[in-house]
Amino acid sequence: MKSIIIISDINIVNFRNFDLNLLRVLDAMLALRNTTRVAEAIGLTQPAVSAALSRLRDTLADPLFIREGNALVPTAYAASLAEPVRSVLATLEQALAGRPHFDPAGSERSFTIGCADYFSEMLMPQLAEAVGRKAPRVRLKMLPADLPSIPAQLAAERFDLVISIPLDMPDWVEKTIALQASEVAVARTGHPALGGIAWGAELPLERISTLPHAMFSITGSYRHFADDALARAGSERRVTVSVPSYYGVGRIVAQTDLIGFLPARFALSIAARLGLMLYRLPFPMELTKILLYWHKRQTSNPEQAWFRTEVLDLLSQQDETRYPLSKKDFELANANAGSATVNAL
């Protein structure tokens, strides 16, 4: 029915000459609302996108997008076409794919994941090895994911998958929990205010509340899930540096007297490299859920299903509901870092 709605809105006299590629431009414009970004997303030049919009306006007898300041805002009519156009394109893509089977060994396609730098440490090396072994001609790309634009980026197929915290998403974005992770406090070895507190010991709440913190945020916020847990414990912390990089938090902490909170497995992985001490948090905090997101139209796509499985298989090995961190994990990291004896967890 949705495809019929679209067709009925195109002048019948012109429909035989209608270029269906224009629907790709319209779909991307409704998602990204910027001709330059649309050009990059679908492989056209910016003038070609502008020309396609002009043709669409003539054919559909509607301005489609109105400039408001620096933004291009869809008209009510254009907005009403968003879901039908997306549905038609998804149907065409699946119909024209024509191959229910995907052979990784022979594939030459590229997959793009939108995620934080945590996954350059905790996923990409393992994924590169696994994919290189099973699909040697497949290419992988990791890009930062701006949280507000994730639905638009999935709609425009800039990302095949996004890995992120729980987010409100349109109903056409599929999701599943990939892993759940705990956090630890980190500080540089030899921190003058933390002498005598052993690796793996509980960091006193008083030190957490008085020492300055560095924290991860891709939005520039100075607040994190841990701050809610701290508040429930009747305390708070003072964040003086916010950076959009987990590794950046580690580097700052390693070279200053700031402390910070990092996902535990990530902190264990980088501790020896940066000379970090790790401490348990002195207050209860729920495990952080990390989800995998993708566009619903890709759910039954064989190559996308294969890639999702590869990613989920690797991430599930870090899920602390299935594989809780043990004293041995901390002992091994401590030995690698050349730090003090582990305090009993």
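Calculation rules
- Residues numbered from 1 in each chain as written.
- Predicted model: local features only at pLDDT ≥ 70, side-chain atom pairs only at ≥ 80, totals over all residues.
- Heavy atoms only, no water.
- Pairing = 2+ DSSP bridges.
- Helix = DSSP H or I, 4+ residues; strand = E, 2+ residues; numbered from the N terminus.
- Axes fitted to C-alpha atoms, helices over the stretch in contact; angles between N-to-C directions.
- Expected span 1.5 Å × (residues − 1).
- Buried < 20%, exposed > 50% of the residue type's maximum accessible area, 1.4 Å probe, protein only.
- Core = buried A, V, L, I, M, F, W, Y, C linked by side-chain atoms within 4.5 Å.
- Contact = heavy atoms within 4.5 Å.

## Things to note about the sheet that holds strand β7 (residues 183–188)
Then, number 1: Taken together, five strands build an open sheet; the order of strands is β9-β8-β10-β7-β11 and the sheet is mixed. With one partner strand each, in any of the chains shown, β9 (238–243) and β11 (276–279) form the two edges of the open sheet. The average angle at which neighbouring strand axes cross in this sheet is 35°, direction not considered.
Then, number 2: Sheet topology note: the strand β8 (residues 212–216)/strand β10 (residues 259–263) ladder contains two bridges and is parallel.

## Some words on helix α3 (residues 21–32)
Then, number 1: With 12 residues, α3 should cover 16 Å at 1.5 Å per step; its first-to-last C-alpha distance of 17 Å lies within 8% of that length.
Then, number 2: Most of α3 is tucked away: 10 of the 12 residues are buried.
Then, number 3: Every buried residue of α3 is accounted for by Leu22, Leu23, Val25, Leu26, Asp27, Ala28, Met29, Leu30, Ala31 and Leu32.
Then, number 4: The first or second residue beyond α3 is Arg33, which carries a positive phi of 55°.

## Structural notes on the nonpolar core
Then, number 1: Counting 66 residues, the largest nonpolar core has Ile113, Leu123, Leu127, Ile163, Leu276, Leu278 and Val311 as the members making the most contacts within it.
Then, number 2: With seven residues, the top contributor of residues to this core is helix α13 (residues 264–274).
Then, number 3: Setting aside anything within four residues of it in sequence, one finds Ile163 in contact with Ile113, Gly114, Cys115, Phe119, Leu123, Ile290, Leu291, Leu292, Val311 and Leu315.

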